[in-house]
Amino acid sequence: MDKKVYSVDGKEKKVLELEDSVFAVTASMGSIYHAIRNELANRRVGTSCTKTRSEVNLRHQKPYRQKGTGRARAGRTNSPIWVGGGVAFGPKPRDYSYTLPKKIKRLAIKSILSMRAATDCMSIVEDFTIDSGKTKDLVAILKCFFQAERAVVVMKDDDKMLRRAGRNLPNVRFLAYNRLEAHELFYAKKMLVLETAAVKLGEFYTNR
């Protein structure tokens, strides 16, 4: 697959040949679903907790006598049907994370990359960095490709200065080519891939 490479000012420079086994595969929606579900499950904290009737700090004695009051029989005030009592079958701290097969993860990433490469959502840009680390310098480059849409920038490595410049942009995520997230790629309206990152993506996912 051939894709145009743009300069930082949005002008076309050359054509880059992308790896067909990564950017031109048949999309597997099932693998994309499982990859996104796995990422969201692994993010869950799972700290919600409720007290059972044995954990509620109330007196463990009969609130009133069994007969003669005209009310329903009651044994203890920590019963789940009483206000302030324990919770029946309530949530407890748990781990929601689980392991997904690597082949499904790789197929999901390649499927999303192929879907984006087939449209104008993905743009390949020549390598750049923000030496100053200032957001305004980064915005001057990004505005040539998108405005306020939800976007992802795929970097050739973990560029700390580029991340620093973009941390004030709430709708833009910065991901290294070898640490992509299916959730971010799938829901992004625009994808900006650095030229070296595009080449490395072909090598990284072809050899795995």
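Scroll up for the structure.
Numbers given for residues are sequential positions, taken from 1 along each chain in its written order. This being a predicted model, a pLDDT of at least 70 is required before a residue's local features are given, and a value of 80 or more before pairs of side-chain atoms are given or counted; all residues contribute to the totals for chains, interfaces and linings. Only heavy atoms go into the side-chain values, all of them from the structure, while hydrogens and water stay out.

> So what's going on with the sheet that holds strand 3 (residues 122–125)? Which residues, and what values?
Spatial ordering of the open sheet is given by 2-1-3-6-4-5, a layout of six strands whose pairing is mixed. Edge strands, defined here as strands with exactly one partner in the open sheet, are strand 2 (12–17) and strand 5 (172–176). On average, adjacent strands in this sheet sit at an angle of 30° to one another, irrespective of strand direction. In this scheme, strands are said to pair when DSSP sees at least two bridges between them. Going along the chain from the N terminus, every DSSP run of H or I of four or more residues is numbered as a helix, and every run of E of two or more is numbered as a strand. The pairing of strand 1 (residues 2–6) with strand 3 spans two bridges and is parallel. Its bridge partner being in strand 3, Val5 is matched across the sheet by Ile124. Across the sheet, helix 7 (residues 195–206) touches strand 1, strand 2, strand 3, strand 4 (151–155) and strand 6 (190–194), and the angle it forms with strand 6 is around 90°. Fitting a line to C-alpha atoms yields each axis, with helices limited to the stretch in contact; the angle taken between N-to-C directions then spans 0 to 180 degrees. The criterion used for residue contact is that any of the two residues' heavy atoms lie within 4.5 Å.

> Residues and numbers for the pattern of salt bridges, please.
Just to be clear on terms, a salt bridge is a Lys or Arg side-chain nitrogen sitting within 4 Å of an Asp or Glu carboxyl oxygen. In total, this model carries eleven salt bridges according to the counting rule given. As a salt-bridge pair, Glu12 and Lys4 come within 3.7 Å of each other at their nearest N and O atoms. Only protein chains enter the accessibility calculation, which uses a 1.4 Å probe. A residue is then buried if its area is under 20% of the maximum for its type, exposed if over 50%, and partly exposed in between. Judged by relative accessible area, Lys4 falls into the partly exposed class, the value being 41%. As a salt-bridge pair, Arg163 and Asp158 come within 2.5 Å of each other at their nearest N and O atoms. The class for Arg163 is partly exposed, based on a relative accessible area of 33%. Here the salt bridges share partners, and the residues they tie into one network are Arg43, Arg150, Arg173, Glu181 and Glu184.

> Go over the nonpolar core with me, naming the residues and quoting the values.
Working definition of a nonpolar core: buried Ala, Val, Leu, Ile, Met, Phe, Trp, Tyr and Cys residues. They are joined through side-chain atoms within 4.5 Å. If you look at the biggest cluster of nonpolar residues, it comprises 49 residues, and the most contacted ones within it are Leu138, Val154, Leu180 and Leu201. Setting aside residues no more than four positions away along its own chain, Leu138 makes contact with Phe128, Ile130, Leu162, Ala165, Gly166, Leu169 and Phe174.

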